[in-house]
Amino acid sequence: MHISNIQLGKNVQIEIDANVNNIKIGDNTRIANRVKIFGSEKNILEIGKNSYVGMNSLIEGFNSKVVIGDHVSIAPNVSIISGSGPNASPPMQKVFGNARGAITIGDHTWIGGNSVIMPAVTIGNYCMVAAGSFVNKSFPDYSIVGGTPAKLIRTLTPSEIEILHSND
């Protein structure tokens, strides 16, 4: 496990073969096997409390700030990338450029397996991203999104929202 420049809350669990650096992780968060999570010294990547990152996921916050909220569930094989483009080819960059932008994942959000979250995306609180989605635009609180590219499937109903906020 490669660890550098990290701040850990209480009871954080990071599997031995995960790689993390330039990161702040909240209490009771779990990082599964073969996960790679990194920010930069300039952009410390933040993951809130009581969150989970599934195995084989990549969360890249090197290019821009990435903030993942509290109680966020990230399924296996998810990629969250703050920079994308043909960075090895200057001629291709002239045509296609490099996309960079901050990413925010709101509290209580669930990201389904094999999804990709692209640069400059905000996903609100209490959202669900269907498995296999390609998210290249932002969605507000209580959204259920899916597809390639991701589109709004529906928003949570008032009764569903009431259930989410009930004090069981």
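Structure first, text after, so check above.
First, a word on scope: everything that follows refers to the structure included in this document.

Conventions adopted
Residues numbered from 1 in each chain as written. Predicted model: local features only at pLDDT ≥ 70, side-chain atom pairs only at ≥ 80, totals over all residues. Heavy atoms only, no water. Core = buried A, V, L, I, M, F, W, Y, C linked by side-chain atoms within 4.5 Å. Buried < 20%, exposed > 50% of the residue type's maximum accessible area, 1.4 Å probe, protein only. Helix = DSSP H or I, 4+ residues; strand = E, 2+ residues; numbered from the N terminus. Pairing = 2+ DSSP bridges. Phe/Tyr/Trp six-rings, centres within 6.5 Å; stacked < 30°, edge-to-face > 60°. Lys, Arg positive; Asp, Glu negative; His and termini not counted. Salt bridge = Lys/Arg side-chain N within 4 Å of Asp/Glu carboxyl O. Polar contact = N/O pair within 3.5 Å; in protein donor to acceptor, adjacent residues only side chain to side chain.

**Regarding the nonpolar core**
Counting residues in hydrophobic clusters, the biggest one holds 32 residues, and the most contacted among them are Ile31, Ile37, Ile59, Ile68, Ile74, Ile80 and Ile117. Of all the elements in the fold, those that place two or more residues in this core are strand E3 (19-25), strand E6 (45-47), strand E9 (66-68) and strand E14 (103-105). With three residues, the single largest contributor to this core is E3.

**What about the pairing of strand E20 (residues 143-147)?**
Counting buried positions along E20 yields four of five residues, so the element is predominantly enclosed. As paired elements, strand E18 (residues 128-129) and E20 share two bridges and run parallel to each other. Note on E20: the bridge partner recorded for Val129 is Val145. Pairing of E20 with strand E21 (residues 150-155) involves five bridges; the strand directions are antiparallel.

**Some details on the packing of aromatic side chains**
All told, the structure shown has one aromatic pair when counted by the stated rule. Geometrically, the ring pair formed by Tyr126 and Tyr142 is stacked, given 5.6 Å between the ring centres and 15° between the ring planes. With a gap of 16 residues between them, Tyr126 in the loop between strand E17 (122-123) and E18 and Tyr142 in the loop between strand E19 (134-135) and E20 connect regions that are remote in the sequence. Exposure class is identical for Tyr126 and Tyr142. Each is buried.

**Re the side chain of Glu60**
Structurally, Glu60 is set in strand E8 (residues 58-60). One buried charge, Glu60, has no salt-bridge partner; the nearest side chain with opposite charge is Arg100, at 7.4 Å. A polar contact of 2.7 Å, which involves the side chain of Glu60, links it to the backbone nitrogen of Phe62. A polar contact of 2.9 Å, which involves the side chain of Glu60, links it to the backbone nitrogen of Asn63.

**Focus: the sheet that holds E20**
Strands sit in the order E2-E4-E7-E10-E15-E18-E20-E21 across an open sheet of eight strands; the sheet is mixed. The open sheet has two free edges, formed respectively by strand E2 (13-14) and E21, since each of these has just one partner strand. Two elements, E2 and strand E4 (residues 30-31), share two bridges in a ladder whose sense is parallel. Counterpart to Ile14 in the pairing with E4 is Ile31.

**Some points on the pattern of salt bridges**
This structure, assessed with the given rule, holds two salt bridges. Residue Glu46 is joined to Lys65 by a salt bridge in which the shortest nitrogen-to-oxygen separation is 2.8 Å. Taken together, the residues span a long stretch of sequence, with Glu46 in strand E6 and Lys65 in the loop between E8 and E9 at a distance of 19 residues. Taking the shortest distance from any N to any O, the salt bridge between Arg154 and Glu160 comes out at 2.9 Å.

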